[in-house]
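Residues per chain, in single letters:
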Amino acid sequence: MYERVTAALGERPAPISDAEMRQRQQDFCSKIESESHVAIIPNNPVAIRSGDTHHRHRFNSYLHYLTGWHGEGGVAVFYHDGGNWKCCLYVQPRDVKKEIWTGRRPGVEGALADWPVDETVSRENLEQGLEGKLNGWIHCLPCLDNEVDELIQNMTRFHAGMLLDDMRVIKSEAEIELMQYSADLAAYAHIEAMRRCCPGRGEWQMQAIIEGCFLYHESEWASPSIVGSGDNATILHYNENKDVMNDGDLVLIDAGCEIDGYASDITRTFPVNGKFTDAQRDIYELVLKAQLAGIEACQVGAPWSAMHQATSEVLAEGLIQLGILNCTLEEALGENLDGEYRQFFMHGTGHFLGLDVHDVGGGRQGDEGPERELAPGMVLTVEPGLYFGAWRDDVEIDPKWAGIGVRIEDNVLITEDGPIVLTAKCPKQITEIEALVGSN
Ligand SMILES: [Mn+2]
């Protein structure tokens, strides 16, 4: 079914080792200011139950980063005791009657045997466990003043988050290996979709080809796949994927997978019938030029905003050259990259990538902190686009461009020797794409 992909994929890298998790725990605890502090890292809420259907649970990335825990209900508590920081994991206890319905649980003993933590406790004892460890109780009357509630919540949450975000932003060798594999699988899935693309096929069928490929290789989507043909490509978060693809239209596919939690995120845009029209080619070549400039801007020491500056300059200039904007370059670009070109390129150029698709770290250190500088080990996306929705009534669009939406997205690793495109196996040159689409 996906033999081509299976044959092309290398061996799946090992998950993050217990030793690396232990090192992360140590690094995290060494950042905690005082030995009297306690860090509490809870999990995402338990799986949503709708009717009798249990929707799938997804572990919290912070908790997974520190402990590897992937089931429901885990809570990690870090505290200082007897001269050392300890990681205590609270887990759901064994309960055969419940496990018959919802699956096996490692339980307290199983968790201690198989997870890299110092101790495990039943979460039935969470309250008394915390009472014994928290010295600095906050005495407060909650639920009266929203601002006070929010402030306290932010102070506590923000802190652990920020310490961990600085760690998560820089990927280790083992993490990069997993991300490379994730990028490879997503690249090959996109190629499969290109090969099997033809007019009359449903957007949902392209989604099935791609997500089937993920599942076939023990993976799953990292964020809901977008398959938008024609005007649907001009809706940034379109994911109904319910229309039939028409001859002469472009199709935009934004899809990635996760491997042991590590995400890939690829967007490719190509003609449904395998041949770009002149207008489609003009826009595609411009977005590609901008994307290559964005990747080139991903150098060690460059500010986070450098890649957005680079893609914006190329797009603004190109829009003037194509006659889509009738203004000066200054007006097109705007003083703060907020000029006329934003009518057709409305989103940011990229985001960090890791255990979450829009990974932690942001462009700044904290909400108000200085802009981050790119450093070796960071992984981010570069994904400029141009969108000319025929349906829009807020802007005049020449019929020549109407219905064209193009985005090109790759995943880029920052290194001392310049940017490395992890998703390079997914073609994006026009000649490569035209040779692939519909070739099955
Ligand atoms: Mn993205």
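Residues numbered from 1 in each chain as written. Predicted model: local features only at pLDDT ≥ 70, side-chain atom pairs only at ≥ 80, totals over all residues. Heavy atoms only, no water.

Asks: Summarise the packing of helix α8 (residues 173-195) against helix α9 (residues 203-216); cite the residues concerned and give the values.
Replies: It is at 9 Å that the axes of α8 and α9 come closest, and there the two elements cross at 145°. For α8 against α9, the interelement crossing comes out right-handed. Touching L185, A186, A189, H190, E192 and A193 of α8 are M206, I209, I210, C213 and F214, all from α9. Split into classes, the residues belonging to the contact of α8 with α9 amount to nine nonpolar, one polar and one charged. (Axes fitted to C-alpha atoms, helices over the stretch in contact; angles between N-to-C directions. Helix = DSSP H or I, 4+ residues; strand = E, 2+ residues; numbered from the N terminus. Left-handed = near helix turned anticlockwise from the far one by under 90°. Contact = heavy atoms within 4.5 Å. Nonpolar A, V, L, I, M, F, W, Y, C, P; charged D, E, K, R; others polar.)

Asks: Any chance you could break down the domain arrangement of the protein chain for me, citing the residues and the numbers?
Replies: Partitioning the protein chain into domains gives domain 1 (3-169) and domain 2 (173-436). Spacing between the C-alpha centres of domain 1 and domain 2 amounts to 33 Å. Listed as interface residues are 28 residues of domain 1 and, on the opposing side, 34 residues of domain 2. Regarding the contact of domain 1 and domain 2, the summed buried area is about 2600 Å², with carbon and sulfur atoms giving 54% of it. Its largest share of buried area at the contact with domain 2, domain 1 owes to L9, R12 and V169, together 26% of the area lost on that side. As a salt-bridge pair, E192 and R4 come within 2.9 Å of each other at their nearest N and O atoms. (Domains from an automatic or database assignment. Buried area = accessible area lost by both parts, 1.4 Å probe. Salt bridge = Lys/Arg side-chain N within 4 Å of Asp/Glu carboxyl O.)

Asks: Could you give an account of the coordination of the manganese ion, naming the residues involved and the relevant values?
Replies: Here the manganese ion is held by the protein donor atoms D265 (OD), H351 (NE2), E383 (OE) and E409 (OE), which lie 2.1 to 2.3 Å from it. Sequence positions of the residues that donate to the manganese ion give the spacing D-x85-H-x31-E-x25-E. Note that D265 is positioned in the loop between β11 (262-263) and β12 (266-271) and E409 in the loop between β15 (404-407) and β16 (410-413), a separation of 144 residues in sequence. Side by side, D265 and E409 carry an identical accessibility label, which is buried. (Donors = N, O, S within 2.8 Å, 3.2 Å for Na, K, Ca; no water. Buried < 20%, exposed > 50% of the residue type's maximum accessible area, 1.4 Å probe, protein only.)

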